[in-house]
Amino acid sequence: MKAQKTISNTENRSMIEQFKKEVDEGLSGDIKSLPSKFFYDKKGDALFVEIMHLPEYYVTRSEHEIFKEKSETIIEALQLHPDTYFELIELGAGDGLKTKELLRALDKGNYSFDYMPVDISQNALDKLEADLNQQLERVSIKKKQGDYFEVLESLKENQHPKVILFLGSNIGNMPDDVATAFIGKLSDNLHIGDKLLLGVDLIKPASIVLPAYDDSQGVTAAFNLNLLERINSELEADFDIDTFEHQPEYDESDGIARSFLVSTQSQDVYVAKLDKKYHFQKGEKVLMEISRKYNDVILDAILSETAFVISTRITDSKAYFANYVLERQ
Ligand code: AVI
């Protein structure tokens, strides 16, 4: 999942403490890992924008196609009616590219709603609002700055029907137990009949998935290595970036893409802010990120522990990606 950005010194301090804790935990285990949610500093954000435009990275394009071509189908599946007010709550402000397609269709159909993008970054919300005000001046935007669940808890007090958007396969960066807890917490903050529109990447052959995480221009490699650079600068570590190689793997049988950085030599890395040294053997792999791909069975297993059921599944023309409409029971 993408890290929520900092907004104040206090939050910054607690974020650094969290960063230190998670880096130490990840590097201390028998199988090393690092937390992908910290990929998204300024450079990481810019690299992710580049990734979204890569020819190999079909994920963003596929979901965008669904919103461009099938916004009416989405609206129908969400069982929205022009004269019943609802709240459209998006978790993560993003650049709004996909959501704009849906907002345009809702605006055209004279639906009665407020669009509520939720993000910890006021800056991201302000940018999105300025852009939407220009392009969709009739749409009412109510920015919600803060933690996802705190915002949802405060909104739960009113009885208005709600549609939550959680797009971009962001759920795929969570292990299944974390995804289950996350979706469970969403359902706890909704009322019966409310909807969650969940964007997930679908299980497909390695010949399609693997290049998306191993692009020919090396942008994804740089995206992963940037976390080592971030640890160097923020935690005063001495990672020699040139001695780590990006190695993605994908197993179609479990549907999980895994990105590793492999140490090309036996070495010690010292992290001053943790006052700790970590040993890497030659060839040792560090798990950087998982990108889970879904199907109905996997999603159903997760949802069985929550109050959501699958109502509709909408895919792009190649069936690479799905936006699931889930209904709170
Ligand atoms: C944000 N997330 C859904 C991306 C993904 O596909 O897992 C992050 C990413 N990592 C490498 N490329 C893109």
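Treat the numbers as computed from the prediction; the structure is a model and nothing was measured. (Residues numbered from 1 in each chain as written. Predicted model: local features only at pLDDT ≥ 70, side-chain atom pairs only at ≥ 80, totals over all residues. Heavy atoms only, no water.)

A. Looking closely at the pairing of strand S14 (residues 321-328). Burial analysis of S14 places seven of its eight residues in the buried class, the great majority of the element. When strand S7 (residues 195-201) meets S14, the two strands line up antiparallel, connected through seven bridges. In the strand pairing of S14, Leu196 is matched with Leu326. In terms of strand pairing, strand S13 (residues 308-315) meets S14 through seven bridges, oriented antiparallel. Residue Val309 lies in a different strand from S14, and its bridge partner there is Glu327. (Buried < 20%, exposed > 50% of the residue type's maximum accessible area, 1.4 Å probe, protein only. Helix = DSSP H or I, 4+ residues; strand = E, 2+ residues; numbered from the N terminus. Pairing = 2+ DSSP bridges.)

B. Here's a closer look at the site of the ligand. As a matter of local geometry, the ligand sits amid 13 residues, with Tyr57, Asn173, Tyr213, Glu289 and Ser291 nearest to it. Between the ligand and the protein, one listed contact pairs a nitrogen atom with a side-chain N or O atom of Asn173 at 2.8 Å. At 2.6 Å from an oxygen atom of the ligand is found a side-chain nitrogen or oxygen belonging to Tyr213. Here the ligand loses 99% of its free accessible area of 340 Å² to cover by the protein chains. Of all the secondary-structure elements, those providing two or more residues to the shell around the ligand are helix H2 (42-52), helix H9 (219-235) and strand S12 (285-292). Here the shell around the ligand is composed, by residue class, of six nonpolar, six polar and one charged. (Near = heavy atom within 4 Å. Polar contact = N/O pair within 3.5 Å; in protein donor to acceptor, adjacent residues only side chain to side chain. Areas by Shrake-Rupley, 256 points an atom, 1.4 Å probe, with all protein chains shown as cover. Nonpolar A, V, L, I, M, F, W, Y, C, P; charged D, E, K, R; others polar.)

C. How the structure looks around the packing of aromatic side chains. Under the criterion given, the structure shown has 14 aromatic pairs. A centroid spacing of 5.7 Å and a plane angle of 85 degrees characterise the contact between Tyr40 and Phe48, whose relative ring orientation is edge-to-face. Seen in terms of ring centroids, Phe239 and Phe280 are 5.9 Å apart; in terms of plane orientation they differ by 65 degrees. Their pairing is edge-to-face. Residue Phe239 is located in the loop between H9 and strand S8 (244-251), and its partner Phe280 is located in strand S11 (residues 276-280); the two are separated by 41 residues in the primary sequence. What makes Phe239 buried here is its relative accessible area of 5%. (Phe/Tyr/Trp six-rings, centres within 6.5 Å; stacked < 30°, edge-to-face > 60°.)

All we've got here are geometric facts, nothing functional implied.
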